[in-house]
Amino acid sequence: NDMKADIKLSKRLKMVASFISEGTFFADIGSDHAYLPCYICLKDEKARAIAGEVREGPYHRAEETVAAYQLSDKVEVRLGDGLQIINSDEGVKELVVAGMGGGLISQIIESGKEKLTTIDRLVLQPNNSAHNVRKLLLNLGYSLTHEKILEDNNHIYEILVADKINNEPFLWNNVEVEKQLLFGPYLMEEKSPVFLKKWKIEREKLMKVIHQMKNAKHIDYEKLAYYETQLKWMEEILT
């Protein structure tokens, strides 16, 4: 029974796992072999999970992991699209959507939002376009409570945690809201070395894009102005 003790999670997924409350019932959408639910349910006696996969292959691989760790009574693998795998009446309390683009994460949550009625916490890890995800949370009435940025395997990842807080939504600063959506309100406060590294890289990319746009035959002035504003913010945040 050695296998039981030995589930290796990436630094990224360990950080995601750290935001799942103790003893909770959660769903992990696009579960990547069901490693995260298995990892949590091995350590936490009371936790229960659903692992959702939209394609047959990953679904079977997730089932194999669950069987290998003898967790069939705790982790249920389901085949289906996004939040459709959750039944509104089964009382799922927390939701993980990790390791995909921010656009896709937003789409999954937006199109399944009728399933959010019982869900108190969202733990989201977009590989890009985190601003999309923040904007969605703002519109859904979830309050952004934690943000983490970390480097793992030469990639920089952001993790967003949002809670359903009935009477105290996160106070977005009206003047700065676009900036907060782009950089993350907590991350831009903290300005960690990884955060600064990310935005140096993004600044370089954006400078190239602006340069190309200015040399184009037809210039989209509205878009150019938008990018130049963003560049200005990056300069400010990096100084």
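Computed from a predicted structure; not experimentally measured. (Residues numbered from 1 in each chain as written. Predicted model: local features only at pLDDT ≥ 70, side-chain atom pairs only at ≥ 80, totals over all residues. Heavy atoms only, no water.)

1. Remarks on the overall build of the protein chain
Condition: The numbering of helices and of strands both runs from the N terminus, where a helix is a DSSP run of H or I of at least 4 residues and a strand a run of E of at least 2. C-alpha atoms define the radius of gyration in this analysis, and the globule rule sets the expected value at 2.2 Å times the number of residues to the power 0.38. Throughout this description, buried means an accessible area under 20% of the type-specific maximum (1.4 Å probe, protein chains only), exposed means over 50%, and partly exposed covers the range between. Throughout, a contact is declared for two residues whenever any of their heavy atoms are within 4.5 Å. Note on areas: Shrake-Rupley with a 1.4 Å probe; residue coverage comes only from the protein chains shown. Counting rule for charge: Lys and Arg are taken as positive, Asp and Glu as negative, and neither His nor the chain ends is counted. Just so you know, the charge point we use is NZ for Lys, CZ for Arg, CG for Asp and CD for Glu.
Along the backbone of the protein chain there are 9 helices and 7 strands. Against the globule reference of 18 Å for 239 residues, the protein chain gives a C-alpha radius of gyration of 20 Å, in line with a compact fold. Counting the 239 residues in the protein chain, one finds 48% classified as buried. A separation threshold of at least 6 residues defines the contact pool for the protein chain, and within that pool the share at least 24 residues apart is 68%. Per element, the accessible surface of the protein chain, about 12,800 Å² overall, is 49% carbon and sulfur. Distance between charge centres in the protein chain, computed from 32 positive and 37 negative side chains, equals 5 Å.

2. Focus: the sheet that holds strand β4 (residues 94-100)
Quick note on the threshold: For two strands to be treated as a pair, DSSP must find no fewer than two bridges joining them. Axis geometry follows a simple rule: fit a line to the C-alpha atoms, using only the stretch in contact for helices, then measure angles between N-to-C directions, giving values from 0 to 180 degrees.
The mixed open sheet is built from 7 strands, whose spatial order is β3-β2-β1-β4-β5-β7-β6. Whereas interior strands pair on both sides, the edge strands pair on one side only; in this sheet they are β3 (75-79) and β6 (143-152). Going across the sheet, the axis of each strand differs from the next one's by a mean of 15°, ignoring polarity. Across 6 bridges, the pairing between β4 and strand β5 (residues 121-126) is parallel. Residue pairing in the sheet places Met100 in a bridge with Pro126 of β5. Taken strand by strand, helix α4 (residues 102-111) contacts β1 (25-29), β4 and β5, and its axis lies near 150° from that of β4.

3. Some words on the side chain of Asp44
The condition that has to hold: The rule for a salt bridge is simple: a side-chain nitrogen of Lys or Arg has to be within 4 Å of a carboxyl oxygen of Asp or Glu. Residues adjacent in sequence count toward polar contacts only when both atoms are side-chain atoms; beyond that, a polar contact is any pair of N or O atoms within 3.5 Å, and within protein one must be able to donate a hydrogen and the other to accept it.
Mapping Asp44 onto the fold places it in the loop between α2 (35-43) and β2 (48-53). As a buried residue without a salt bridge, Asp44 has its nearest oppositely charged side chain in Lys74, at a separation of 6.6 Å. Polar contacts involving the side chain of Asp44 include one to the main-chain amide nitrogen of Lys46, which spans 3.1 Å.

4. A word on the nonpolar core
The cut-off we apply is this: Grouping buried Ala, Val, Leu, Ile, Met, Phe, Trp, Tyr and Cys residues that are joined through side-chain atoms within 4.5 Å yields what is termed a nonpolar core.
Counting 31 residues, the largest nonpolar core has Leu36, Ile40, Val96 and Val123 as the members making the most contacts within it. Counting residues per element, the ones that place at least two in this core are α1 (11-17), α2, β2, α3 (56-68), β3, β4 and β7 (155-163). Of the residues forming this core, the biggest block, 5 residues, is contributed by α2. Those residues within four positions of Val96 in sequence are excluded, and the remaining contacts are Val16, Ile20, Phe26, Ala27, Asp28, Ile29, Leu36 and Val123.

5. Comments concerning the packing of helix α8 (residues 193-214) against helix α9 (residues 221-238)
Note the cut-off: Throughout this description, any angle smaller than 35 degrees is read as roughly parallel, any larger than 145 degrees as roughly antiparallel, any in the 65 to 115 degree range as roughly perpendicular, and the remainder as oblique. Here a crossing is taken to be left-handed if its near helix is turned anticlockwise relative to the far helix by less than a right angle, and right-handed if that turn runs clockwise. Residues are grouped as follows: Ala, Val, Leu, Ile, Met, Phe, Trp, Tyr, Cys and Pro are nonpolar; Asp, Glu, Lys and Arg are charged; all remaining types, including Gly, are polar.
Viewed as axis vectors pointing N to C, α8 and α9 meet at an angle of 150°, and their least axial separation amounts to 10 Å. The pairing of α8 with α9 is recorded here as roughly antiparallel in orientation. In terms of crossing hand, the pair formed by α8 and α9 is left-handed. For the pair α8 and α9, contact is made by Phe195, Leu196, Trp199, Lys200, Glu202, Arg203, Leu206, Met207, Val209, Ile210, Met213 and Lys214 and by Lys223, Leu224, Tyr227, Glu228, Gln230, Leu231, Met234, Glu235, Ile237 and Leu238, respectively. Classifying every residue of the contact of α8 with α9 by side-chain character gives 14 nonpolar, 1 polar and 7 charged.

6. A short note on the packing of α4 against helix α5 (residues 130-140)
At a minimum axis separation of 8 Å, α4 and α5 run at an interaxial angle of 20°. The pairing of α4 with α5 is recorded here as roughly parallel in orientation. Facing Gly102, Gly103, Ile105, Ser106, Ile109 and Glu110 of α4, the residues of α5 in contact are Asn132, Val133, Leu136 and Leu140. Considered class by class, the residues forming the contact of α4 with α5 number 5 nonpolar, 4 polar and 1 charged.

7. Topic: unusual backbone geometry
A positive phi angle, close to 65°, is found at His33, a residue other than glycine. His33 gets classed as partly exposed once you look at its relative accessible area, which sits at 25%. A positive phi angle, near 45°, is found at Ser129, a position not held by glycine. By the element assignment, Ser129 lies in the loop between β5 and α5. Residue Ser129 is classed as partly exposed on the basis of its relative accessible area of 29%.

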